[in-house]
Every structure is written in structure tokens, then in C-alpha cells.
Amino acid sequence: MTTAKTDEVVKEPPAPATPSDQRERDRMRRRLARRRGGGWWPYLFLAPWFVGLFGLTIYPMLDSLYLSFTNFDLLTPAKWVGMDNYDRMFTDDPVFWDSVHATLLYVVVSVPLKLALALGVAMLLNRDLKGIGLYRAAFYLPSLLGGAVAVAIVWRQVFGGDGLFNDFLAWFGIKGQDWISSPDTALYTLILLAIWQFGTPMVIFLAGLKQLPKDVYEAAAIDGARPVTRFFKITLPLLTPIVFFNVVLQIIDAFKTFTPAFVISNGSGGPLNSTMLYSLYLYKKGFTDLQMGYASALAWVLFLVIAGFTAVNFIASRYWVHYDD
Amino acid sequence: MSAITPSTSPLQKLRSATGTRRIFIHTVLIGVAVVMLYPLLWMLSSSLKPDTEIFTHPGLIPNALRPDNYSEGWSGSGNSFSLYITNSLIVTIGAVIGNVISCSLAAYAFARFEFRGRKIWFGLMLGTLMLPTQAVLIPQYTIFYNLTWINTYLPLIVPKFLAVDAFFIFLMVQFIRSIPRELDQAAMMDGANPFQIYWKIILPLMKPALVTTTIFTFIWTYDDFLHQLVYLQQNDKFTVPLGLTLFLDQTSGSSYGAMFAMSTLALLPTLICFLVFQKRLVEGLATSGMKG
């Protein structure tokens, strides 16, 4: 490619190499390298992104770190308080621990179930079926509507005392309750909502399944491998990069969940802080109570926890993710 | 039926699911589909029922239709719903224009130039993909507060012009890499500068990626409740999601029909996007996932 380009640029028929030709060619090569580097052009194209990166990401990250050591309340100048915020968080804030408890439960229960369902349905869809497009669409739609307030409102009514879910249970003679206003069950309605939105990982799994080499399956079938064996010995190992991708993404997403917790509890995180997801608590501390220093400390802990989970994921992936190359 | 004949190779058996198995799979899938869509259908049907019927008559077909829910909801809860929809349109259209311009510029630079530090910057860009918005929410708020941009749409639109949605940069970089470089080189021969190449060659060819970006930016911005909640404080600036929560506080049990009617309307733009671009949405997602 490079030589082709040189020829095109020079445009002259190749002549026997003389020292001056050599110099000319060197100059040409340098100019070409510069052109591929683009001089100041790439920086011009990247200018908006640079402003965003430094102004809206890097500076805010550092500012938030600084604010987390202050008692900043937005209205008066920030005063340095050292580790007070972190101290308070870990030793003197039961609501913080409620939110940690709710969030971890939410992540640990919803992510595996959602991914299992996504993979299971993707396996069912991975064959020549009539109406496969319709199924895909039907399963993906709830995920697309995902963060919408309207969906959370519907969910609130579905799991309310006289909602749809209890009507469904009544068919089986089970007497329901108000799932939203009971502290034992409210979080599980949020988890169900998360699982209902399994469409995004499903589509990604489906794309992965379509890439799997057919000949391996044929060989295995000839050797008499049963479907269950084929799944665990072939499909799952070959699919591990996609599984990994989905796990990382879904965990990060789950940690950030805000809208349904806000809508379903009417912004309170109740009953008894059972739906006080971490993002909701952060929002309340920062924007309802105007304890922005404390909220910044919360934000940094969230950032570190997500980074930690992601790092552990990447390290653990060495032991279970198989790449072809 | 074919299982008994000895001539059936294991291979054929693998490929041809028998009739009963096919029916079984369809049954399972239809069952899942019904569960998936039922809450949405329930919302639609509730939006047409009189309040007294919503919780006493759980079936999907209303005994009596009450389209008044829509007119009541539309004019109800303080401001007219048309105001919220107008506000949402301002925010989403601004965000779409910002994302398409700024992300495509950045993606072109990353995909086509070998400038110094490209790998580091690219890595940083990917890193921001994982950064939770909550981590920068408060300092960003103070920035916009000091600029006196609170209760305006600027904090929701301006960042999009600064390519903060790295996901779309990444998507576009992948797409531009699939466009043959020979086209750029031919244009360069004709004396085009890099901006002209971007404008006349790359942008027209990356239309599919731009459409995907447009649809997803539209839907995600439209639904982005957290930032709208933080930055918009007066009712007349409220967007659709905020208008809906207002509804939730005020009705408290009195007019569920109207609330469901407005919830249905609130989902309409996303639903229309979905129906029109269904294939592209799913494919855009699947291809971005494959790169992981």
C-alpha cells in the first residue's frame, strides 16, 4: 500500500537512482509520513472531544476527588474536612449501608439471571425458525424502553396491591400482597424489571452464536455428543468472550440504575430504604440535601467499586475466557 | 419419524429439528413473548379504561372505552403535555446534532491519522466508556451552576457537542475503518484537504453509522431522566419524563386512566423509532457487541 501511494504521489516514471533522486525520494517519504500523521489536522478534528475530555471528564473527576474532602454545599465556599466524609460514610451512616446492601443484592441477583435468560432465549432463537425477526423484536423492545419513566410507572402499578401481578397469582389461588410497599419484596420488583430487559445481551449473544463454526458441531454430533454436552463443551467455551463482554457491561449498568428506583419509591428509596439503590442515595445527598462534598465522596466510592469489579472481571477472565488467537 | 431409519446420519439429525420439537420451541418463545409484551399491552388497555375498571377488570379488552383519559391527561397536571413534548424535542434534537457532528469528527481523526499519542488518546476514550456518569455528576453540576446554565437546556445539549458519548465515537471508528482508504487517497490526489475528505467522502459513506447514532442518541436522551431531573427545575422547562413524574405526585390514586394515557404517549416516540428502525437498532447493537 505504501509503495503504491508513493508511486501515485511521485507521478513520474521511475528513473535510475542517483543521489539527488535518493534525496528527492527521502523528502517524499517524509512528506508522506507527515501527511499520514496529518500535522495539526487530527487535533483540529479532535478539538471538541479534547474540550469534553478535559473539561467534562478529567477536571470533574479531580474536582470531585477534591470536593470529597470538603463540606461543599454549593452555596458557600468549600471547606476542607479531611477524611470526615469517608469516615462518616463507613462508620456513621446506616443509610449508606442500606444502599450498599440494596445495590449489591440488586447486582448479584439481577445480572446472572438476566444473562442466563438472555443466553437461553438466544440459543432458542439461533435456528431457522419462522418469525424469528418478530421474536427478536418482541424480546428486545422492553430493553429499548428500559430507562423510561413511563415503564417504571407501569411497573409500579403492575406490582401494586391490586395490580396485574396479583391478578395473575390469583389464577393459581395464591393471595398476593402489595409488593411495592413491602420492604421484603420491593427490591425484587426492581430486579424483575431488570431481568425483563434481557434483550440487549440477548441480541449480542445471538450475534455471537451465529459466528460459531458449524463444523465443530458436526464433528461433535458424529462423535455422538449429546446437546447438553455440546453446550458445555463447545458452545459455552467458544462463547466466553461474548459472555465476558456482557458480564462487564451488565454489572456496570446495574450499578448505575437510577430511574426505576426513583419512580417506584417516589424518590424516597423506601420502604425502609429497601430500594435505596446507590445512585439514588447519591442523588438525594447531592441534590436534595445539598451535601455535595459528601455526595462527591459517595461518587468516588462508586467509581472505585465499579473500577474494582471491572478489574477483577478482567483478571478473572484470564482463567475462563478463551480467545481463538 | 425419521429417528428409526438407520440411514439418518447424526449430522442430519443435528440439522433437522423434528416437527414436535419445532412446535415446542415456538410454544416456549410465544410464551416468553406474551410475558414480555403483556405489561405494555396492559398499559395501553388501561389507558382506555375508566378509572373504576382498571384494577377491578384486569382483562385486556375494556368493557367501556374512555378516550377522555387522553384529553384529560394532555391538559392535566399543571402545564399542557404539548409543552413537555416540545421541550423534549428541543433537548433531543440538540443532542442528536451535537453527537453526530462531534463524534464523527473525533472518529475520523482516530480512524484515519497516525498522529503522535493516538493510541493513548484512543485508550482514554475507551476508558471513558466505563466511567459512570454519577462519578462526574456533581462537579459537572457546579460547572454549569457557575455558568448559570441551571434550568436551561444547555447542560443537556452542549456536552453532546463535545463528544462525551464515547460509545458513538467507538462505533464510528469501527465503521470508518471499513471504508477503503483508497477513496481518501484518490481525493487527496485531486487536492482535497482532510476536512474536504471528511465532508465529501467519509460522511456520506458512513450514513448507516450516523443513522444508528441518531436513533440511539434520540432514544437515550429522550429517556435520560437523571440529568433532566438534576438540571431542569421549573415546570415550564420540564421534559416528558419530568412531566410524567409530576403526574405521579399529583394524581395519587385519583386518575389512573389519565396517567396511563400519558405514559403510553410518552413511550410513543421510542416505539415509533423501534418499529421503523427495528432491524438497524438490533444490528447496530449486535455488531458493536462483537468487537468486545
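Residues numbered from 1 in each chain as written. Chains lettered and ligands numbered in written order. Predicted model: local features only at pLDDT ≥ 70, side-chain atom pairs only at ≥ 80, totals over all residues. Heavy atoms only, no water.

An unreviewed UniProt entry lists chain B under the name Carbohydrate ABC transporter permease, with Streptomyces sp. R41 as the source organism. Regarding chain B, the relevant UniProt record gives this comment under Sequence similarities (unreviewed entry): "Belongs to the binding-protein-dependent transport system permease family." (UniProt positions renumbered as here; feature names shortened; annotations may be inferred.)

The name given to chain A in an unreviewed UniProt entry is Carbohydrate ABC transporter permease, with the source organism recorded as Streptomyces sp. R41. Under the UniProt heading Sequence similarities (unreviewed entry), the note attached to chain A is "Belongs to the binding-protein-dependent transport system permease family." Of the comments in the UniProt record for chain A, the one headed Subcellular location (unreviewed entry) reads "Cell membrane".

Student: Pulling in residues and values, what's your account of the UniProt feature "transmembrane region" (unreviewed entry) in chain B?
Tutor: Residues and elements named next belong to chain B. When the UniProt feature table is mapped onto this chain, "transmembrane region" (unreviewed entry) is found at residues 23-44, 81-108, 120-141, 153-176, 197-222 and 256-277. Split by type, residues 23-44 is 100% helix and 0% strand. Its first and last C-alpha atoms lie 30 Å apart. In this annotation, residues 120-141 is assigned 86% helix and 0% strand; the end-to-end C-alpha distance for the span is 28 Å. (Helix = DSSP H or I, 4+ residues; strand = E, 2+ residues; numbered from the N terminus.)

Student: Explain the confidence of the model for chain A to me, and be specific about the residues and the numbers.
Tutor: Residues and elements named next belong to chain A. Averaged over all residues, the pLDDT of chain A is 89; the fraction at 70 or higher stands at 91%. Within chain A, helix 1 (residues 2-10) has the poorest average pLDDT of any element, 44, and helix 14 (residues 278-288) the best, 97. pLDDT under 50 marks residues 1-10. Its contacts with residues more than four places away, or in other chains, come to 12 contacts. (pLDDT = per-residue confidence, 0-100. Contact = heavy atoms within 4.5 Å.)

Student: Describe the packing of aromatic side chains, with residues and values.
Tutor: If you walk through the whole model with that rule in mind, you get 61 aromatic pairs over all chains. Residues A:Phe54 and B:Trp121 carry aromatic rings whose centres are separated by 6.1 Å and whose planes lie at 75 degrees to one another, so their mutual orientation is edge-to-face. Of the two residues, A:Phe54 is situated in helix 3 (residues 41-67) and B:Trp121 in helix 6 (residues 118-130); the pairing between them involves two chains. Each ring, one from B:Phe195 and one from B:Trp199, has its centre 6.2 Å from the other, and the planes form 10 degrees; the classification is stacked. In this pair, B:Phe195 and B:Trp199 are both assigned in helix 11 (residues 194-205), 4 residues apart and thus about one turn of the helix distant. Residue B:Phe195 is classed as partly exposed on the basis of its relative accessible area, which comes to 38%. By the ring-pair criterion, three or more aromatic residues cluster together here, those being A:Phe258, A:Phe262, A:Tyr283, A:Phe287, B:Tyr141, B:Phe144, B:Tyr145, B:Trp149, B:Phe225 and B:Tyr231. Here A:Arg88 stacks its cationic end above the ring of A:Tyr294, 3.8 Å away from the centre of that ring. (Phe/Tyr/Trp six-rings, centres within 6.5 Å; stacked < 30°, edge-to-face > 60°. Buried < 20%, exposed > 50% of the residue type's maximum accessible area, 1.4 Å probe, protein only. Lys NZ or Arg CZ within 6 Å of the ring centre and 35° of its normal.)

Student: How would you summarise the UniProt feature "domain: ABC transmembrane type-1" (unreviewed entry) in chain A if you had to cite specific residues and measurements?
Tutor: Per the UniProt record, the feature "domain: ABC transmembrane type-1" (unreviewed entry) sits at residues 100-313 of chain A. Secondary structure content for residues 100-313 of chain A is 74% helix and 0% strand, and the end C-alpha separation is 20 Å.

Student: Describe the interface of chain A and chain B, and please don't skip the residues or the numbers.
Tutor: Each partner contributes residues to the interface: chain A has 101 residues there, and chain B has 99 residues. When chain A packs against chain B, close to 9,000 Å² is buried across both sides, 80% of that on carbon and sulfur atoms. At the junction of chain A and chain B, the tally comes to 0 salt bridges. Counting the contacts that link chain A with chain B gives 7 residue pairs in polar contact (both at pLDDT 80 or more). For the side of chain A that touches chain B, the element with the highest residue contribution is helix 3 of chain A, accounting for 21 residues. Split by residue class, the side of chain A that touches chain B holds 67 nonpolar, 19 polar and 15 charged. (Buried area = accessible area lost by both parts, 1.4 Å probe. Salt bridge = Lys/Arg side-chain N within 4 Å of Asp/Glu carboxyl O. Polar contact = N/O pair within 3.5 Å; in protein donor to acceptor, adjacent residues only side chain to side chain. Nonpolar A, V, L, I, M, F, W, Y, C, P; charged D, E, K, R; others polar.)

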